[in-house]
Amino acid sequence: MRKKIIAGNWKMNKSFDDAMALTSEVVNMINDEYKGSALTVLIPPSLYVNSVSRMVKGNVFSGAQNCHQEVSGAFTGEISAAMIKSCGAEYVIIGHSERRQYFGETNALLAKKVDSVLANNLTAIYCCGETLEEREVNKHFEVLKSQISEGLFHLTNEQMQHVVVAYEPVWAIGTGKTASTAQAQEVHAFIRNLLKEKFGAAVSDNVTIQYGGSVKADNAVELFSAPDIDGALVGGAALQSRSFVDIVKAMK
Ligand code: 13P
């Protein structure tokens, strides 16, 4: 049985005090209200990862939004996967479309970042997704195939078991325009099949594939009913405890 995971990516939002309040609210609400078995992951700005990691418990975990590919050294302003691990987090988002778009991160660089995450016994949440232009000219499968193959196909079967894939169509991020359940399921099945061809069914059947892009409590139930959608990577709706916990509760 593959894990169901709902992760909240807070992006560059919240003061420290607000981040602490959100963390304690989510931890308490999940422990009080949620009876399902999905895992919850809180992914604050890196400055708060240490504090958030000390507050999570039960089925709530913490993560970081990015890391540098090197272990340590003269890389002013960067943080390593080993540092994230030492703060108690368990997940690192790699290759979010905002990193690809605004910070020029390529599949080749992301492959190195994934290695660094896995070398530190963390789980990578590897993001992929096409732009609107790419979908409109029907290039989305080609783009997704390069993102997945160039970022992940160098891994061993054992390593791939510590990777979560997040499909986030760029046109659905922060736009209020969610992919339809059929569109998302079609891509998730495509990704799982790519992974099956490379790593075999025993691995691909167990890879958690999250959907991201304007997920809200009212579209989560339907999205989560699709056979290959194993959770969500949530942006805007993760910034408030009630809206985020309601998305977690949509995963029965
Ligand atoms: P929104 O949920 O705000 O569309 O953001 C999705 C996202 O980018 C999560 O990583």
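Quick notes on the rules
Residues numbered from 1 in each chain as written. Predicted model: local features only at pLDDT ≥ 70, side-chain atom pairs only at ≥ 80, totals over all residues. Heavy atoms only, no water. Pairing = 2+ DSSP bridges. Helix = DSSP H or I, 4+ residues; strand = E, 2+ residues; numbered from the N terminus. Axes fitted to C-alpha atoms, helices over the stretch in contact; angles between N-to-C directions. Contact = heavy atoms within 4.5 Å. 1 Å grid on protein atoms, 1.4 Å probe; cavity = no way out; pocket = protein on both sides within 12 Å on 5 of 7 lines; lining within 4 Å. Points joined across faces, edges and corners; volume = space filled by probe spheres on them. Near = heavy atom within 4 Å. Polar contact = N/O pair within 3.5 Å; in protein donor to acceptor, adjacent residues only side chain to side chain. Areas by Shrake-Rupley, 256 points an atom, 1.4 Å probe, with all protein chains shown as cover. Salt bridge = Lys/Arg side-chain N within 4 Å of Asp/Glu carboxyl O. Buried < 20%, exposed > 50% of the residue type's maximum accessible area, 1.4 Å probe, protein only. Parallel < 35°, antiparallel > 145°, perpendicular 65-115°, else oblique. Left-handed = near helix turned anticlockwise from the far one by under 90°. Nonpolar A, V, L, I, M, F, W, Y, C, P; charged D, E, K, R; others polar.

A. View of the sheet that holds strand β1 (residues 5-9). Strands sit in the order β1-β2-β3-β4-β5-β6-β7-β8 around a closed barrel of eight strands; the barrel is parallel. This sheet shows a mean twist of 25° between the axes of neighbouring strands, independent of strand direction. Sheet topology note: the strand β3 (residues 60-64)/strand β4 (residues 91-94) ladder contains two bridges and is parallel. Each residue of the ladder has a partner; that of G63, found in β4, is Y91. Those strands touched by helix α12 (residues 241-249) are β1, β2 (39-43) and β8 (231-234), and its axis lies near 160° from that of β1.

B. Focus on empty space enclosed by the protein. Counted by the stated rule, this structure contains one cavity of 30 Å³ or more. Its volume calculated, the largest cavity comes out at about 30 Å³. Breaking the lining of the largest cavity down by element, the ones donating at least two residues are α4 (97-103) and β5 (123-128).

C. Layout of unusual backbone geometry. Of note in the backbone geometry, K14 takes a positive phi value of approximately 90° without being a glycine. By the element assignment, K14 lies in the loop between β1 and α1 (16-33). Despite not being glycine, N138 has its phi angle at roughly 60°, a positive value. Topologically, N138 is positioned in the loop between α6 (132-136) and α7 (140-152).

D. A look at the site of the ligand. Lining the immediate surroundings of the ligand are 13 residues, of which K11, H96, G174, S214 and G236 lie closest. One of the side-chain nitrogen or oxygen atoms of N9 is found 3.0 Å away from an oxygen atom of the ligand. Within the contact set of the ligand, an oxygen atom lies 2.9 Å away from a backbone nitrogen or oxygen of G235. For the ligand, the accessible surface in isolation is 310 Å², of which the surrounding protein chains cover 96%.

E. Highlighting the pattern of salt bridges. Applying the stated criterion across every chain yields a total of twelve salt bridges. Ionic pairing is found between D230 and R2, a salt bridge with its closest N-O pair at 2.8 Å. Of this pair, D230 sits in the loop between α11 (217-224) and β8 while R2 sits in the segment before β1, and the two are 228 residues apart along the sequence. This pair shows no difference in class: D230 is buried, exactly as R2 is. The residue K249 makes a salt bridge to E33 at a minimum N-O spacing of 2.7 Å. With K249 in helix α12 and E33 in helix α1, this pair connects stretches of sequence that are 216 residues apart. The class of K249 is partly exposed, set by a relative accessible area of 28%. According to the relative accessible area criterion, E33 is partly exposed, its value standing at 27%. Within this structure, R2, K4, R192, D228 and D230 form a network of salt bridges that share partners.

F. Representation of the packing of α7 against helix α9 (residues 181-199). Running from N to C, α7 and α9 point in directions that differ by 40°, and their axes come no closer than 11 Å. With respect to α9, the element α7 is oriented oblique. Seen along the crossing, α7 lies across α9 with a hand that is right-handed. On the side of α7, the interface is formed by F141, L144, K145, I148 and L152, while α9 contributes E186, V187, F190, I191, L194, L195 and F199. Of the residues assigned to the contact of α7 with α9, the class counts are ten nonpolar, no polar and two charged.

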